[in-house]
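Tertiary structure, described
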Amino acid sequence: MTHLRGVKPALSPDREALTKAPPAPKWFTDHARAEWKRVVPQLIARRIVTKADLAGVEAYCAAFGAAFQIGEHQKTLPLPDLKLAGLQIRYMQTARQLAAEYGLTPTSRARVGAAGTDDDDDDNPLAVT
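Applying the stated criterion across every chain yields a total of four aromatic pairs. Ring centres of W27 and F28 lie 4.8 Å apart, and the angle between their planes is 80°; this geometry places the pair in the edge-to-face category. On the basis of relative accessibility, which here comes to 56%, the residue W27 falls in the exposed class. Each member of the aromatic cluster is reached from another via a ring pair, and the members are W27, F28 and W36.

This is the structure:
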């Protein structure tokens, strides 16, 4: 029996995946909106995101935008604000965790690739045989 505790299942294209990127939510900051415009087309192209997933993608973009915004504010201060730095770290951790859920990190993209087609690697010079 194979032990899979703690192993995330491979991501795979969804039959109900969105085919067109919806506009970014109006309440987004500029940084969150820019991240939405950057990642949502990728998720659409990979057929990863469905309408039901949009709240999670929104949360990712909002966390990313908040972390970026705090960083921008910290640059204007003569000394770092440690409370803001702690908040920024929490936003970055949240964004990283959510990014992994949608295949936006190298490791999670590998999971997407692992669930890809059964094409043989005859044309791949780096394929291990």
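For the structure shown, the criterion picks out three salt bridges. For R33, the salt bridge is made with D30, and the minimal N-O distance between the two is 3.6 Å. Of this pair, R33 and D30 are both found in helix 1 (residues 30–45), three residues apart, which corresponds to roughly one turn of the helix. Among the residues examined, R33 registers a relative accessible area of 22% and is labelled partly exposed. Taking the relative accessible area as the measure of exposure, D30 reaches 63% and is therefore exposed. Among the salt bridges present, the one from E72 reaches K75, with a minimum N-O distance of 3.2 Å. Here K75 and E72 lie together in helix 2 (residues 54–75), a separation of three residues that amounts to about one turn. Take E72: its relative accessible area is 32%, and that puts it in the partly exposed class.

Counting residues in hydrophobic clusters, the biggest one holds 21 residues, and the most contacted among them are W36, L43, V49, V57, Y60, C61 and L104. Elements with a minimum of two residues in this core: helix 1, helix 2 and helix 3 (82–101). Element by element, the count of residues in this core is highest for helix 1, at six residues. If we skip the residues at most four places from it in the chain, L43 touches I48, V49, V57, Y102 and L104.

This paragraph deals with the environment of E35. Along the chain, the position of E35 falls in helix 1. On the basis of relative accessibility, which here comes to 4%, the residue E35 falls in the buried class. Spatially, the C-alpha atoms of E35 and A62 are 8.7 Å apart, while their sequence positions differ by 27 residues. In this structure, E35 is in contact with Y60, C61 and F64, ignoring residues within four places of it in sequence.

Turning to the environment of T105, a few remarks are in order. Looking at where T105 falls in the secondary structure, it is placed in the loop between helix 3 and helix 4 (106–114). By relative accessible area, which is 18% here, T105 ends up buried. Each residue touching T105, except ones within four places of it in the same chain, is listed here: R96, A99 and A100. A polar side-chain atom of T105 sits 2.7 Å from a polar atom in the side chain of S108.

A separate point is the packing of helix 2 against helix 3. At a minimum axis distance of 8 Å, the contact between helix 2 and helix 3 shows a crossing angle of 150°. Considered as vectors, helix 2 and helix 3 are oriented roughly antiparallel to each other. Along this stretch, helix 2 crosses helix 3, giving a crossing that reads as left-handed. For the pair helix 2 and helix 3, contact is made by G56, A59, Y60, A63, F64, A66, A67, I70, G71, H73 and Q74 and by L84, A85, L87, Q88, Y91, M92, T94, A95, L98 and A99, respectively. Classifying every residue of the contact of helix 2 with helix 3 gives 15 nonpolar, six polar and no charged.

Cut-offs used in this document
Positions within a chain are numbered from 1, following the residues in the order the chain's sequence is written. Local features in a predicted model are, by the rule used here, given only for residues with pLDDT of at least 70; side-chain atom pairs are given and counted only at 80 or more, and totals for whole chains, interfaces and linings are based on all residues. The side-chain values count all of the structure's non-hydrogen atoms but skip hydrogen atoms and water molecules. In this analysis, rings of Phe, Tyr and Trp, with Trp reduced to its six-membered ring, are considered paired at centre separations within 6.5 Å, and the interplanar angle assigns stacked below 30 degrees, edge-to-face beyond 60, and tilted for intermediate values. A simple rule labels every residue: compare its accessible area, found with a 1.4 Å probe on the protein chains alone, to the largest value its type can have, and call it buried under 20%, exposed over 50%, or partly exposed in between. Any carboxyl oxygen of Asp or Glu within 4 Å of a side-chain nitrogen of Lys or Arg constitutes a salt bridge here. The way it works is that DSSP assigns letters per residue, a run of H or I at least four long becomes a helix, a run of E at least two long becomes a strand, and they are numbered from the N terminus. Only buried residues count toward a nonpolar core. Its members are Ala, Val, Leu, Ile, Met, Phe, Trp, Tyr and Cys residues joined through side-chain atoms within 4.5 Å. Residue contacts are counted whenever heavy atoms from the two residues lie within 4.5 Å of one another. Here a polar contact means two N or O atoms within 3.5 Å. Within protein one must be a hydrogen donor candidate and the other an acceptor candidate, and residues neighboring in sequence count only if both atoms are side-chain atoms. Only C-alpha atoms enter the line fits that serve as axes; for helices the fit covers just the stretch in contact. Angles between N-to-C directions range over 0 to 180 degrees. By the definition adopted for this analysis, an angle is roughly parallel if under 35 degrees, roughly antiparallel if over 145, roughly perpendicular if from 65 to 115, and oblique otherwise. Should the near helix be turned anticlockwise from the far one by less than a right angle, the crossing is termed left-handed; should it be turned clockwise, right-handed. Each residue is assigned to one of three groups, with Ala, Val, Leu, Ile, Met, Phe, Trp, Tyr, Cys and Pro labelled nonpolar, Asp, Glu, Lys and Arg labelled charged, and all others, Gly among them, labelled polar.

So, to be careful, I would describe these as geometric facts and stop short of saying anything about function.
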